[in-house]
Amino acid sequence: MKPLLRALALGWLSTMIASAVFAAEVKVTPLGGQEGELCPQDRALVFEDPDGTRILYDAGRTVAGPDDPRLGRIDGILVSHMHGDHLGNAHNKAPDSGSCDKPDVSVSALPNSNSVNIALAKKAKVVTGSEMPPFFAGKLAAAGGDPKDSILARFGGNVMLGGVSIATVPAFHSNGLDPDYIGGELGKSMKAAGIAGYVGEATGYVLTFSNGLVVYLSGDTGITAEQDLVVRGHYKPSLAVMNIGGGFTTGPKEAAYVINDLVKPKAVIASHVNEVATREGKVLPGTKTEAFVKAVSVPVHVPLSGRTMSFDSAGKCVAGC
Ligand SMILES: [Zn+2]
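Along every chain, residues carry numbers that run from 1 in the direction the sequence is written. At least 70 in pLDDT is required for a residue's local features to be given in this predicted model, at least 80 for side-chain atom pairs to be given and counted, and no such filter applies to totals for whole chains, interfaces and linings, which use all residues. Excluded from the side-chain calculations are hydrogens and water; all other atoms, namely the structure's heavy atoms, are used.

Caption draft 1: Main features of the pairing of strand 11 (residues 203–208). Only protein chains enter the accessibility calculation, which uses a 1.4 Å probe; a residue whose area is less than 20% of its type maximum is buried, one above 50% is exposed, and one in between is partly exposed. Counting from the N terminus, the helices are DSSP H or I runs at least four residues long and the strands are E runs at least two residues long. Of all the six residues making up strand 11, five are buried; the element is thus mostly covered by neighbouring parts of the structure. Note that strand 10 (residues 164–170) and strand 11 share six bridges and pair antiparallel. Looking across to strand 11, one finds that Val 169 is bridged to Gly 204. The hairpin turn running from strand 11 into strand 12 (residues 214–217), its antiparallel successor, is five residues long, and Gly 212 in that turn takes a positive phi close to 100°. Note: two strands are recorded as paired if DSSP finds a minimum of 2 bridges between them.

Caption draft 2: Main features of the sheet that holds strand 4 (residues 76–78). Strand order in the open sheet formed by eight strands is 8-7-4-3-2-1-18-19, with mixed pairing between adjacent strands. At either margin of the open sheet sits one strand with a lone partner, and together these are strand 8 (150–152) and strand 19 (317–319). For this sheet, the mean inter-axis angle between neighbouring strands, taken without regard to orientation, is 30°. Where strand 3 (residues 54–57) lies against strand 4, three bridges are found, and the strand directions are parallel. The partner of Leu 56 across the bridge, within strand 4, is Ile 77. Taken strand by strand, helix 4 (residues 133–142) contacts strand 7 (125–128) and strand 8, and its axis lies near 170° from that of strand 8. Axis angles are defined between N-to-C directions and span 0 to 180 degrees, where every axis is a line fitted to C-alpha atoms and, for a helix, only to the segment in contact. For this analysis, residues touch if any pair of their heavy atoms sits within 4.5 Å.

Caption draft 3: Representation of the packing of helix 7 (residues 252–263) against helix 8 (residues 288–295) within the structure. Helix 8 packs onto helix 7 with a crossing angle of 30° between their chain directions and a minimal axis gap of 9 Å. The orientation of helix 7 relative to helix 8 falls into the category roughly parallel. Classified by chirality, the crossing of helix 8 by helix 7 is right-handed. For the pair helix 7 and helix 8, the contacting residues are Pro 252, Ala 255, Ala 256, Ile 259 and Asn 260 in the first and Lys 288, Ala 291, Phe 292 and Ala 295 in the second. Put simply, angles under 35 degrees are roughly parallel, angles over 145 are roughly antiparallel, angles from 65 to 115 are roughly perpendicular, and the rest are oblique. By definition, any crossing whose near helix is turned counterclockwise from its far helix by less than a right angle is left-handed, and any crossing with a clockwise turn is right-handed.

Caption draft 4: Geometry of the environment of Ile 74. With respect to the helices, strands and loops of the structure, Ile 74 is situated in the loop between strand 3 and strand 4. For the pair formed by Ile 74 and Ala 94, sequence separation is 20 residues and the distance between their alpha carbons is 18 Å. Leaving out residues up to four positions away in the same chain, Ile 74 has contacts with Val 46, Arg 54, Leu 56, Lys 122 and Ala 124.

Caption draft 5: Representation of unusual backbone geometry in the model. The residue after Leu 110, namely Pro 111, is reached through a cis peptide bond having omega 0°. Assignment of secondary structure puts Pro 111 in the loop between strand 6 (107–108) and helix 3 (114–122). In this model, Asp 58 sits at a positive phi of 45°, which is unusual for a non-glycine residue. Its place among the elements puts Asp 58 in the loop between strand 3 and strand 4.

This is how it looks when you write it as C-alpha cells:
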C-alpha cells in the first residue's frame with residue numbers, strides 16, 4: 001500500500017475504534033437469588049466496562065461461592081461494609097437454590113467470607129475504603145493468596161482498575177466485624193461480650209467507567225449531606241444504585257428524597273429491597289419497590305437476577321431494562 005493511502009486507512013481505522021469505545025456501554029448484571037426476579041437477599045451486581053474489566057459489587061449471599069458459573073472472569077471485588085449480607089458470611093448452595101422468599105444459603109463462608117473466597121479463586125483485587133483493607137490482606141495471606149491484592153481507596157482518593165476509576169464516599173451506617181471472622185479465644189470472648197471488631201466507617205462507591213459513565217453505589221446508608229455536597233457536587237453521577245429496604249437503611253421514601261433532591265442522577269437501580277419485590281419479573285403491588293418507583297422522578301430500573309442492563313455514558317439504559 002502507498003504511504004499516503006496507508007496513513008489515510010490507519011486514520012480511518014483509529015477514528016472508527018475511538019468512536020466505538022466512546023459509544024460503548026457499561027453492562028450491569030445482577031447475580032441474585034432467583035433467575036429473573038428481585039429477592040430479599042439480592043445485593044450482588046457485576047459491572048463490565050467497555051474495555052472488558054469486570055467488577056463485582058457486594059457479593060453477599062446470593063453468589064453461590066467462587067464456582068458460581070454466572071461470575072465469569074472477575075477483576076475487582078468491592079465490599080461496601082462488613083455486614084454478612086454484603087461481605088457474605090454464607091451463600092447459596094447453587095444459583096437459584098431455594099425460593100425467592102427462602103433462599104438456601106446454607107453454605108457457610110466463615111471464617112473467610114464469600115467475597116474473600118471469590119477473590120482468591122479469581123485472583124481478583126479487593127478494593128475497599130476506610131480501615132477494611134488490612135482485614136482483606138490478612139484473610140488473603142492466610143489462605144495462600146497475595147495480600148497486595150487488597151487495595152485501599154480511602155475517601156477523597158481513587159484507584160484505577162483497568163479503565164475504571166474507583167472512589168469511596170461516606171455512608172452513614174455501622175461497620176462492625178462479626179467475631180465469627182476473627183475466631184479463636186478472642187473471637188469467642190468478643191462474641192460473649194457482644195462487641196464487634198473495628199474496621200472503620202462503612203462506605204459507598206463512585207465508579208467512573210471508560211465510556212464516561214459515572215455510577216454512585218450507595219452501600220448501606222441513611223440520608224447524608226455528602227450525597228448532595230460530595231456525590232452530586234463533585235462526582236455528578238448519571239446512574240445510582242440505591243438502597244431502599246428501610247429498617248437498616250433508607251426506606252423507599254427517604255431513598256426517593258436522596259435521588260430526587262440530593263444525588264439527582266438520570267436513572268437509578270433499586271437495591272437492598274429486603275422483600276420479595278417481583279413475580280415473573282414484574283414489581284408486586286404494595287411493595288417498597290413499587291413505592292420507590294412511584295416516588296422517584298427519574299427512571300427506576302429493577303435489577304432482575306441474570307438480566308443484563310446496558311447503560312450509555314449519560315446513564316440511559318439502552319438495552320435490557
Ligand atoms: Zn445490608
